[in-house]
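Observations on the model geometry
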Amino acid sequence: MDNVGKRMKALREANRLSQAEIAKLCGSNQATIAKTETGKKVPSMPLLIWWADYFDVSLDYLCCRTDSPQGKLSSTAQNPPPKIRKSARTSCGWFGTVPDACLIRCLSGSWTALPAACAL
């Protein structure tokens, strides 16, 4: 997940945003952003989705599955996505509600598919 954090940091810095500024925009805090960017904390799925929407890049790019952002990086986001709800969970028609850590491991290439244990 260290590389995911590096991608997130690179996007933030390319748009000249501080950790505190991006934390305020997404409804998080500076400590969480710092831990995420340094690989000490696994980013939640809602945070990854928010980051991808805000910087107009794909989740595959954020999770280092491709080097092509497939989106136009903008130094000014006209309409930032809504803040992340603290209780947000990811729901999938095939797996039901899935823990964020399992989805992130799958997206990062650690797993090629979600294991059955991840489905709640």
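Refer to the preceding data block for the structure.
Residues numbered from 1 in each chain as written. Predicted model: local features only at pLDDT ≥ 70, side-chain atom pairs only at ≥ 80, totals over all residues. Heavy atoms only, no water.

A closer look at the overall build of the protein
The helix and strand tally for the protein stands at 6 helices and 2 strands. Reading the protein from its N end, one meets helices and strands in the order α-α-α-α-α-β-β-α. Considering only contacts within the protein whose residues lie at least 6 apart along the sequence, 53% involve residues at least 24 apart. (Helix = DSSP H or I, 4+ residues; strand = E, 2+ residues; numbered from the N terminus. Contact = heavy atoms within 4.5 Å.)

Some thoughts on helix α2 (residues 19-26)
Taken together, the buried positions of α2 are Gln19, Ile22, Ala23 and Cys26. In an axial view of α2, the angular spread of the buried residues amounts to 105°, which keeps them on one side of the axis. Just past α2, the residue Gly27 takes up positive phi, approximately 85°. (Buried < 20%, exposed > 50% of the residue type's maximum accessible area, 1.4 Å probe, protein only. Arc of directions from axis to C-beta.)

Description of the packing of aromatic side chains
Considering all chains together, one arrives at 4 aromatic pairs under this definition. Centre to centre, the rings of Trp50 and Tyr54 are 4.8 Å apart; their planes meet at 10°, and the pair counts as stacked. Of this pair, Trp50 and Tyr54 both sit in helix α4 (residues 45-55), separated by 4 residues, roughly a single helical turn. Measuring from centroid to centroid gives 4.9 Å for Tyr54 and Phe55, while their planes differ by 85°, and the two rings are edge-to-face. Each member of the pair Tyr54 and Phe55 is classed as buried. (Phe/Tyr/Trp six-rings, centres within 6.5 Å; stacked < 30°, edge-to-face > 60°.)

Some points on unusual backbone geometry
Residue Asp56 is not a glycine yet carries a positive backbone phi of 55°. By the element assignment, Asp56 lies in the loop between α4 and α5 (59-62). The residue Cys64 is not glycine, and still its phi comes out positive at about 65°. You can see Cys64 is positioned in the loop between α5 and β1 (90-92). For Cys64, a relative accessible area of 32% translates into the label partly exposed.

As for the packing of α2 against helix α3 (residues 30-37)
Running from N to C, α2 and α3 point in directions that differ by 110°, and their axes come no closer than 8 Å. Classified by the angle between their axes, α2 and α3 sit roughly perpendicular to one another. The chirality of how α2 crosses α3 is right-handed. Contacts between α2 and α3 involve Gln19, Ala20, Ile22, Ala23 and Cys26 from the former and Gln30, Ile33, Ala34 and Glu37 from the latter. Of the residues contributing to the contact of α2 with α3, the split by class is 6 nonpolar, 2 polar and 1 charged. (Axes fitted to C-alpha atoms, helices over the stretch in contact; angles between N-to-C directions. Parallel < 35°, antiparallel > 145°, perpendicular 65-115°, else oblique. Left-handed = near helix turned anticlockwise from the far one by under 90°. Nonpolar A, V, L, I, M, F, W, Y, C, P; charged D, E, K, R; others polar.)

Regarding the pattern of salt bridges
A side chain of one charge can pair with a side chain of the opposite charge when the charged atoms of the two come close. Scanning all chains against the criterion turns up 4 salt bridges. A salt bridge links Glu37 to Arg12; its shortest N-O distance comes to 2.6 Å. Taken together, the positions of Glu37 in helix α3 and Arg12 in helix α1 (residues 2-14) put the pair 25 residues apart, joining distant regions of the chain. In this pair, the class of Glu37 matches that of Arg12, namely buried. The partner of Arg65 in a salt bridge is Asp60, with the nearest N and O atoms 3.0 Å apart. Here Arg65 falls in the exposed class, since its relative accessible area comes to 51%. For Asp60, a relative accessible area of 31% corresponds to the partly exposed category. (Salt bridge = Lys/Arg side-chain N within 4 Å of Asp/Glu carboxyl O.)

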